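Per-entry structural report
So the chains spell out like this:
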Amino acid sequence: SASGGANLRFANVAETDFVISGINTSNVNNPVVGFGILKGPNSSNGSDLVVEYSTDGKTWVGVKYPLLPTGEGTGLVWNYRETSPIPKAEKLTIRFRQTGNFVVFRVDDISIVSKGQ
């Protein structure tokens, strides 16, 4: 689960992003990005926050993560998510990118984990 402590806030401004570079995943079995996420309104399923990786800093590849629950009481609640697999690389870059103008997201406890841990 997410600690909810010092977190990243993505305002409802399209193309806002946060980049982490120089990640070494070469010794991680089945690497994925793990993170806590909180969304603003109940109606959002989280699809306005895109997670991507790059091995060269130029070409970005989107990774999938499970959609967030919607409906009454699902806003302003922390959810933990793991993405689809990312590559093993010595210098990987991860980007979180806000694509919409409607939802505010908070992201916390970003880590590279082995799928299934």
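Everything here concerns the structure above.
Residues numbered from 1 in each chain as written. Predicted model: local features only at pLDDT ≥ 70, side-chain atom pairs only at ≥ 80, totals over all residues. Heavy atoms only, no water.

Turning to the nonpolar core, a few remarks are in order. Generally speaking, a soluble globular protein has its nonpolar side chains buried in company with each other. Phe35, Leu49, Ile94 and Phe96 are the most contacted members of the largest nonpolar core, which totals 19 residues. If you list the elements that add at least two residues to this core, you get β3 (31-39), β4 (49-54), β7 (92-98) and β8 (105-114). Discounting residues that sit within four places of it in the chain, phenylalanine 35 has contacts with Val51, Tyr65, Asn79, Tyr80, Arg81, Thr83, Phe96, Val107, Asp108, Asp109 and Ile110. (Core = buried A, V, L, I, M, F, W, Y, C linked by side-chain atoms within 4.5 Å. Buried < 20%, exposed > 50% of the residue type's maximum accessible area, 1.4 Å probe, protein only. Helix = DSSP H or I, 4+ residues; strand = E, 2+ residues; numbered from the N terminus. Contact = heavy atoms within 4.5 Å.)

Right, let's get into the sheet that holds β7. As a general point, the strands of a sheet are linked pairwise by backbone hydrogen bonds and lie either parallel or antiparallel. One open sheet holds the four strands; their spatial order is β2-β7-β4-β5, and the pairing between them is antiparallel. The outermost strands of the open sheet, each flanked by one partner alone, are β2 (17-23) and β5 (61-63). Direction aside, the axes of adjacent strands within the sheet are offset by 25° on average. The pairing of β4 with β7 spans six bridges and is antiparallel. When the bridges of β7 are listed, serine 54 appears paired with threonine 93. (Pairing = 2+ DSSP bridges. Axes fitted to C-alpha atoms, helices over the stretch in contact; angles between N-to-C directions.)

Glancing now at the sheet that holds strand β1 (residues 8-10). A sheet is described by the order of its strands in space; here four strands give the open sequence β1-β8-β3-β6, paired in antiparallel fashion. Since the sheet does not close on itself, it has two edges, and those belong to β1 and β6 (79-82), each with one partner. Between one strand axis and the next, the sheet turns through 35° on average, direction left out of account. Pairing of β3 with β6, which is carried by four bridges, proceeds in the antiparallel orientation. Among the inter-strand pairings, isoleucine 37 is bridged to a residue of β6, identified as asparagine 79.

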